[in-house]
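Structural characterization, general
Now for the letters of each chain:
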Amino acid sequence: MRVVQAAGGTPLNASPDVPPSPEAPEPPEAPEPSERAEGRDAPRGRRIGALAALAVLVYVLDLLSKTIVVDVLEGREPVRVIAGVLQLRVIRNSGAAFSIGTGMTIIFTVIAAVVVVAILRTARQLRSVPWAITLGLLLGGALGNLTDRLFRYPAPFQGHVVDWIEVFPVTRFPVFNIADSAIVCGGILAVFLAWRGYQIDGSRAGDERPAPSGGGGGADGTAGGGGDAEGGARG
């Protein structure tokens with residue numbers, strides 16, 4: 001009878017009440033490599049844009065403020081803004097931020113240039129907003145003071161930085177500028193982010209990463225193969 005049914009084209013277990021099995025859905029297509037690269041580059045592009053915007057803002061504010069105070073305040077008595085707390089007094093600083101290391105102008109010029117290059121190279125791995133703010137502050141401040149060292153009196157690469165903000169004059173606290181403030185704020189923020197484990201690429205130190213799923217898939221595949229073999233033996 002099996003031979004007759006097979007010859008007639010009728011399935012052995014055919015039943016009019018059994019609906020046909022639904023077709024298996026097609027797996028979703030994997031994204032193209034170019035699409036994956038664009039997805040990874042989009043967040044980095046926004047972070048780099050934030051870094052560049054903040055750096056330009058700091059640089060422009062520093063440059064404009066120095067230009068104004070040199071024209072208006074240099075050679076005059078300090079201007080008291082808040083008595084005993086804040087006054088404006090223009091000085092020329094040949095050292096580092098907050099008048100540290102005077103007399104080492106060329107060395108600090110080279111250091112500032114190296115810092116700028118290092119920040120630009122580090123930005124290629126940037127995928128973190130806090131680090132974008134940090135590097136933007138550092139880059140804008142470094143470029144602001146580097147501009148003074150390159151183009152101001154007395155000579156190229158030996159220019160004196162213009163400082164004009166003086167707080168608590170009685171304490172003899174060093175006079176500084178907007179670039180110095182940005183550098184200090186960026187340095188403090190960098191220390192805080194490193195202490196909390198935040199990485200430039202957006203990850204965080206100590207986070208657990210999911211284990212690769214390749215082993216499980218292989219085991220399932222072996223079990224499936226065994227099931228097919230068992231089905232063939234039953235047939």
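In case you missed it, the structure is sitting above this.
Residues numbered from 1 in each chain as written. Predicted model: local features only at pLDDT ≥ 70, side-chain atom pairs only at ≥ 80, totals over all residues. Heavy atoms only, no water.

**With respect to the pairing of strand β1 (residues 79–82)**
Pairing between β1 and strand β2 (residues 86–93): three bridges, direction antiparallel. Note that in β2 the partner of I82 across the bridge is L86. Where β1 folds back onto β2 in an antiparallel hairpin, the turn is made up of three residues, including G84, whose phi is positive at roughly 75 degrees. (Pairing = 2+ DSSP bridges. Helix = DSSP H or I, 4+ residues; strand = E, 2+ residues; numbered from the N terminus.)

**A closer look at a nonpolar patch on the surface**
Taken together, the side chains of V56, V60, L64, I68 and V72 present a nonpolar region at the surface, about 420 Å² in accessible area. Structurally, V72 is set in helix α2 (residues 33–72). (Patch = residues over 30% accessible without salt bridge, like charges linked within 9 Å, V, L, I, M, F, W, Y side chains within 5 Å. Areas by Shrake-Rupley, 256 points an atom, 1.4 Å probe, with all protein chains shown as cover. Salt bridge = Lys/Arg side-chain N within 4 Å of Asp/Glu carboxyl O.)

**As for the side chain of N177**
On the secondary structure map, N177 appears in the loop between β3 (161–167) and α5 (178–196). Separated by 3.0 Å, the side chain of N177 and the backbone nitrogen of A179 make a polar contact. One polar contact links the side chain of N177 to the main-chain amide nitrogen of D180, over a distance of 2.7 Å. (Polar contact = N/O pair within 3.5 Å; in protein donor to acceptor, adjacent residues only side chain to side chain.)

**Quick look at the pattern of salt bridges**
Within the structure shown, the criterion is met by five salt bridges. The partner of D148 in a salt bridge is K66, with the nearest N and O atoms 2.8 Å apart. Of this pair, D148 sits in helix α4 (residues 129–151) while K66 sits in helix α2, and the two are 82 residues apart along the sequence. With respect to burial, D148 and K66 carry one shared label: buried. (Buried < 20%, exposed > 50% of the residue type's maximum accessible area, 1.4 Å probe, protein only.)

**Points about the sheet that holds β3**
Read across the open sheet, the three strands follow the order β1-β2-β3; overall the sheet is antiparallel. Each edge of the sheet is formed by a strand with only one pairing partner; in this case those strands are β1 and β3. Geometrically, the sheet is characterised by an average inter-axis angle of 35 degrees between neighbouring strands, direction not taken into account. In this sheet, β3 lies alongside β2 in antiparallel orientation, the contact comprising six bridges. Residue pairing in the sheet places L88 in a bridge with I165 of β3. (Axes fitted to C-alpha atoms, helices over the stretch in contact; angles between N-to-C directions.)

**Details of the nonpolar core**
The tendency in soluble globular proteins is for nonpolar side chains to be buried as a group. By size, the foremost hydrophobic cluster in this structure holds 17 residues, and its most contacted members are L51, V116, I119, L126, W131, L135 and L139. Listing elements by their share of this core, those giving two or more residues are α2, α3 (105–122), α4 and α5. Among the nonpolar cores identified, the runner-up in size contains 10 residues, and V70, W164, V167 and F176 belong to it. (Core = buried A, V, L, I, M, F, W, Y, C linked by side-chain atoms within 4.5 Å.)

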